[in-house]
Amino acid sequence: MADLKPAYLIHGDDEVKLDAWRTRLRARALTEAPEATLEVLTDDRLTVDALVAATTAMTLGTGRIYVLADGVEKFRDADMKQLAVAIGNLSTDITVVLIASGEAKNGKGPAPATLAKAVERAGGEVHLCAASTDGRLTSWVAGRADTLGLLISREAVELLIARVGDRQRSLMRELEKLATYASDGNRIEPDDIEAVCGVNVEGRAYDLATAIIAGDRRRALQLVEQVKASGEEPMRILFPLKSKFVDTRTAWAMLEEGRTPQDVQARLRLYPSRRARDTVAEARSADGEQLERAIAELADWDYAIRGGSNLDGWTALTLAVERVTATPRASV
């Protein structure tokens, strides 16, 4: 952002890169303060009308006006004409950064094509930030470690992914912890991962629920084994796992009633907005009966790990996952 363009569209599913753009914009506005101002529009505050108003507002300031619109993937084509006109008529002292979070695949991201064209016509830039696929995730981790001055072995990378999961933001946080901890020429080996990096239990619970909802039995059982191998107590995964299923079941029921994604977010208080979008997307493709079975199985598992069964907690969970994913899903 050295030579500023009037508008930037940043979209994709690389969480670390999206965060970097957010951070850079905030830092730049802070550096130029008090002359510069930053208007942040996200979640309920982000509407087309609010964004247009922010880009056309008069100000008594003498510096640049920065506008961050975070979540524009929710805009529909019907909104684009109004927004395209506003972007095409930005005054020279306004810079707009539009961020859209969502799947990036085959060179396409979550932002509407009409929005990308409007930004380019206005002389702005469009950046697609695609996350690494599973096959490239080890290379991504190694590359990020290198930027932090770490020399990380492949075995350490694989252990880090196994403990933390495949969410890039979580992996980046652990790499930053390792950079603070590192000694011996900044070399990172599996022993360092064991010493510094904890298991992201909540993230694993989320991933496990997602695999079960998708009917991915192999992935679900693999995740159970990974959390078990980390040495965590089964009780630690129970609450976030149950919470995820209850939220998805509630979202499924609301969508069946014709309620909107915004209604779901307000009812469940799901923030940030990305969490709400993920829950709605999973609920749309879910089998309501399967969700009910999963919640019932979790209740039985809770009873088992509190001493109500002769089975150990992890064995009881493995059998519960097998039962839920063994039943064919209803067509949707």
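As a starting point, this report considers the structure included with it. For clarity, every value in this text was computed on a predicted model and none was experimentally measured.

The rules we used
- Residues numbered from 1 in each chain as written.
- Predicted model: local features only at pLDDT ≥ 70, side-chain atom pairs only at ≥ 80, totals over all residues.
- Heavy atoms only, no water.
- Helix = DSSP H or I, 4+ residues; strand = E, 2+ residues; numbered from the N terminus.
- Buried < 20%, exposed > 50% of the residue type's maximum accessible area, 1.4 Å probe, protein only.
- Areas by Shrake-Rupley, 256 points an atom, 1.4 Å probe, with all protein chains shown as cover.
- Lys, Arg positive; Asp, Glu negative; His and termini not counted.
- Charge placed at Lys NZ, Arg CZ, Asp CG, Glu CD.
- Phe/Tyr/Trp six-rings, centres within 6.5 Å; stacked < 30°, edge-to-face > 60°.
- Lys NZ or Arg CZ within 6 Å of the ring centre and 35° of its normal.
- Axes fitted to C-alpha atoms, helices over the stretch in contact; angles between N-to-C directions.
- Parallel < 35°, antiparallel > 145°, perpendicular 65-115°, else oblique.
- Left-handed = near helix turned anticlockwise from the far one by under 90°.
- Contact = heavy atoms within 4.5 Å.
- Nonpolar A, V, L, I, M, F, W, Y, C, P; charged D, E, K, R; others polar.
- Salt bridge = Lys/Arg side-chain N within 4 Å of Asp/Glu carboxyl O.
- Pairing = 2+ DSSP bridges.

This part covers the overall build of the protein chain. When you go through the protein chain residue by residue, the secondary structure sums to 15 helices and seven strands. With the C-alpha coordinates aligned to their principal axes, the bounding extent of the protein chain is approximately 70 × 60 × 35 Å. Counting every position in the protein chain, which comprises 332 residues, the buried fraction comes to 44%. For the protein chain, the accessible surface area stands at approximately 17,000 Å², while carbon and sulfur atoms represent 50% of it. Looking at charge distribution, the protein chain has the averaged site of its 44 positive side-chain charges lying 3 Å from that of its 51 negative ones.

For the rest of this paragraph, the subject is the packing of aromatic side chains. The geometry of an aromatic ring pair comes down to the distance between the two centres and the angle between the two planes. For the coordinates displayed, the defined rule picks out one aromatic pair. Their ring planes at 50° and their centres at 5.6 Å tell us that Tyr-8 and Trp-21 sit as a pair that is tilted. Of this pair, Tyr-8 sits in strand S1 (residues 7–12) while Trp-21 sits in helix H1 (residues 15–32); the two residues are 13 residues apart in sequence, bridging distant segments of the chain. The residues Tyr-8 and Trp-21 share a single accessibility class, namely buried. Here Arg-24 stacks its cationic end above the ring of Trp-21, 4.7 Å away from the centre of that ring.

Let us look at the packing of helix H14 (residues 288–308) against helix H15 (residues 313–326). Between H14 and H15, whose axes approach to 10 Å, the crossing angle comes to 165°. What the angle tells us is that H14 and H15 run roughly antiparallel. The interaxial crossing formed by H14 with H15 has right-handed handedness. Residues Gln-290, Arg-293, Ala-294, Glu-297, Trp-301, Ala-304 and Ile-305 of H14 lie in contact with H15, whose contacting residues are Gly-313, Ala-316, Leu-317, Ala-320, Arg-323 and Val-324. The residue inventory of the contact of H14 with H15, partitioned by class, reads eight nonpolar, two polar and three charged.

On to the environment of Ala-229. Along the polypeptide, Ala-229 turns up in helix H10 (residues 217–229). As for Ala-229 and Gly-149, which are separated by 80 residues in sequence, their C-alpha atoms are 30 Å apart.

In this structure the tally under the stated criterion is 14 salt bridges. Linking Glu-158 and Arg-154 is a salt bridge whose minimum nitrogen-to-oxygen distance equals 3.2 Å. One end of the pair is Glu-158 and the other is Arg-154, both in helix H6 (residues 154–164) and four residues apart, which spans about a single turn. Taking the relative accessible area as the measure of exposure, Glu-158 reaches 41% and is therefore partly exposed. According to the relative accessible area criterion, Arg-154 is exposed, its value standing at 53%.

Backbone geometry at Asp-43 places phi at a positive 50°, although glycine is not the residue there. Looking at the secondary structure, you find Asp-43 in the loop between strand S2 (37–42) and helix H2 (48–56). The exposure class of Asp-43 is partly exposed, given its relative accessible area of 22%.

What follows deals with the pairing of S1. Burial analysis of S1 places six of its six residues in the buried class, the great majority of the element. Alternating residues of S1 divide into Ala-7, Leu-9 and His-11 and Tyr-8, Ile-10 and Gly-12, and every residue in both groups is buried. The pairing of S1 with strand S4 (residues 94–101) spans six bridges and is classified as parallel. Across the sheet, Tyr-8 pairs through a bridge with Val-97, a residue of S4.

Take the packing of H2 against helix H3 (residues 77–88) next. Relative to each other, H2 and H3 sit at 10°, their axes nearing to 10 Å. By the angle between their axes, H2 is roughly parallel relative to H3. For the pair formed by H2 and H3, the contact residues are Val-48, Asp-49, Leu-51, Val-52 and Thr-55 on the first element and Asp-79, Gln-82, Leu-83 and Ala-86 on the second. Along the lines of polarity and charge, the residues of the contact of H2 with H3 split into five nonpolar, two polar and two charged.

An order of S2-S3-S4-S1-S5 is seen for the five strands of this open sheet, with the pairing classed as parallel. Looking at the sheet topology across the chains shown, the edges are occupied by S2 and strand S5 (125–129). When the angles between neighbouring strand axes are averaged without regard to direction, this sheet yields 15°. Where S1 lies against S5, five bridges are found, and the strand directions are parallel. Among the inter-strand pairings, Gly-12 is bridged to a residue of S5, identified as Cys-129. Seen against the sheet, helix H4 (residues 113–121) touches S1, S4 and S5 and runs at an angle of roughly 150° to S1.

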